[in-house]
Amino acid sequence: MFETPTLRFGPNAWAKLEYFLQAGDSEIGGFGVTSRDDLLLIEDFVTVKQRTTAISVKFDDTAVAEFFEDQVDTGRTPEHFARIWLHTHPGDCPNPSATDEETFARVFGNCDWAIMFILARGGQTYCRLRFNSGPGGSMKIPVAVDFSSPFTASDHTAWQEEYQRNVCIEPLVPRNGLLARSDDWDWVEDPFANEVEALLEDDMFEFELENWEDDQCRI
Amino acid sequence: MRVLFINNDGAGFADHIEIEPNMPVAKFFAQKLPHGRPEDYLIRVNRQPVSRDQILHEGDRVTITPTKIEGAIVS
């Protein structure tokens, strides 16, 4: 059906990811749990406890370990649940940041293969397959929602419970301590907040990425 | 001596393996992830974090999972 490697989401998995994307004003992330027979077909999007802001997401280390153990208890192996890292970006830019790239290299760089998938709030996607077999390499691959298999109805109640259980949104904190309110200083409006707001609204915002094309695809 | 080992590196692993008796966790890590830096992983035995000198026992479940999985739109 698909001639080139394509990351496919089952309708439920895609709907759940979209639900989490819209559930709050922060980035969110999780793992794609794949079909036992098809490692590029995501059957479920699963989150772990995470701290998020409007512009970042960080998984809880213990929650990641618990996720691994729980998945193994169901009979899955890591290649079915720990190779597809999914997270969202605010705005319309799905391209990975330097932080994203660092995590992808450090956490998934020793795996035989792994995928970094980013969904921007505007609907744009970025998907890159990295593989270490043979000479190794990486390539951007297309994304699709696969309606070819039967699927059930959405479950907003369960998704909302998972969202509230796992997603902890933290306020943005100015990096410059001098900007913090202090009785010793005359309070001035925080320019950092304006920078972030402008960043999120800037459709042309891009990061320094070498050797990667900006051909955002839309599902 | 057999332990259950769970790890995502390489082809991924979730299976029982044979190890030598009285092996400390640090030695196990060095054998199984020779390229890895311990600070990049959470090492647990039977779902509990352990010290590097803890001795593994028959039937232990050793889980080595990545830490600091994070994304950010600004670096």
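Bear in mind the structure is a predicted one, so any value in this text is a computation, not a measurement.

A. Summary view of helix 4 (residues 98–108) of chain A. Counting buried positions over the eleven residues of helix 4 of chain A gives eight, a clear majority of the element. Within helix 4 of chain A, burial applies to Thr99(A), Asp100(A), Glu101(A), Thr103(A), Phe104(A), Arg106(A), Val107(A) and Phe108(A). Lining the buried residues of helix 4 of chain A we find strand 2 (29–34), strand 6 (84–89), strand 7 (113–120) and strand 8 (124–131) of chain A together with strand 5 (61–66) and strand 6 (70–72) of chain B.

B. Spotlight on the side chain of Asp146(A). Residues and elements named next belong to chain A. Tracing the backbone through its elements, the reader meets Asp-146 in the loop between strand 10 (143–145) and helix 5 (156–166). For Asp-146, a relative accessible area of 5% puts it in the buried group. Polar contacts involving the side chain of Asp-146 include one to the side chain of Arg-8, which spans 3.1 Å. Here the side chain of Asp-146 touches Ser-148 through a polar contact of 2.5 Å, side chain to side chain.

C. Region of the structure containing the pattern of salt bridges. Using the criterion set out here, one finds 18 salt bridges over all chains in the structure. Residues Asp44(A) and Lys16(A) are paired through a salt bridge, measuring 3.7 Å at the closest nitrogen-oxygen approach. On the criterion of sequence distance, the pair formed by Asp44(A) in strand 3 (residues 41–46) and Lys16(A) in helix 1 (residues 11–23) is long-range, its members being 28 residues apart. Assessed through its relative accessible area of 31%, Asp44(A) is described here as partly exposed. Lys16(A) gets classed as buried once you look at its relative accessible area, which sits at 6%. For Asp73(A), the salt bridge identified is with Arg61(B), shortest N-O distance 3.0 Å. You can see Asp73(A) sitting in helix 2 (residues 61–73) and its partner Arg61(B) sitting in strand 5, one on each of two chains.

D. Structural context of the nonpolar core. Grouped together as the largest cluster of nonpolar side chains are 25 residues, with contacts concentrated most on Phe31(A), Phe59(A), Phe67(A) and Phe108(A). Elements with a contribution of two residues or more to this core: strand 2, strand 5 (56–59), helix 2, helix 4 and strand 7 of chain A together with strand 1 (2–7) of chain B. Broken down by element, this core gets its largest block of residues, five residues, from helix 2 of chain A. When sequence neighbours within four positions are dropped, the list of residues in contact with Phe59(A) reads Gly29(A), Gly30(A), Phe31(A), Val48(A), Lys49(A), Gln50(A), Val64(A), Trp85(A) and Ile69(B).

E. Local environment of helix 1 of chain A. With 13 residues, helix 1 of chain A should reach 18 Å at 1.5 Å per residue; the first-to-last C-alpha distance of 18 Å fits that figure. Among all positions in helix 1 of chain A, only Pro11(A), Ala13(A), Trp14(A), Lys16(A), Leu17(A), Phe20(A) and Leu21(A) are buried.

F. Local environment of the sheet that holds strand 5 of chain A. The mixed open sheet is built from four strands, whose spatial order is 11(A)-4(A)-5(A)-6(B). The strands lining the two open edges of the sheet, one partner per strand, are strand 11 (167–169) of chain A together with strand 6 of chain B. On average, adjacent strands in this sheet sit at an angle of 15° to one another, irrespective of strand direction. The pairing of strand 4 (residues 50–53) of chain A with strand 5 of chain A spans four bridges and is classified as antiparallel. In the strand pairing of strand 5 of chain A, Arg51(A) is matched with Lys58(A).

G. Looking closely at the interface of chain B and chain A. Listed per partner, the contact involves 29 residues of chain B and 40 residues of chain A. Interface of chain B and chain A: buried area, both sides summed, is about 3100 Å²; carbon and sulfur atoms make up 53% of it. Linking chain B with chain A are seven salt bridges. Our count for the contact surface shared by chain B and chain A stands at 26 residue pairs in polar contact (both at pLDDT 80 or more).

What counts, and where the lines are drawn
Residues numbered from 1 in each chain as written. Chains lettered and ligands numbered in written order. Predicted model: local features only at pLDDT ≥ 70, side-chain atom pairs only at ≥ 80, totals over all residues. Heavy atoms only, no water. Buried < 20%, exposed > 50% of the residue type's maximum accessible area, 1.4 Å probe, protein only. Helix = DSSP H or I, 4+ residues; strand = E, 2+ residues; numbered from the N terminus. Contact = heavy atoms within 4.5 Å. Polar contact = N/O pair within 3.5 Å; in protein donor to acceptor, adjacent residues only side chain to side chain. Salt bridge = Lys/Arg side-chain N within 4 Å of Asp/Glu carboxyl O. Core = buried A, V, L, I, M, F, W, Y, C linked by side-chain atoms within 4.5 Å. Expected span 1.5 Å × (residues − 1). Pairing = 2+ DSSP bridges. Axes fitted to C-alpha atoms, helices over the stretch in contact; angles between N-to-C directions. Buried area = accessible area lost by both parts, 1.4 Å probe.

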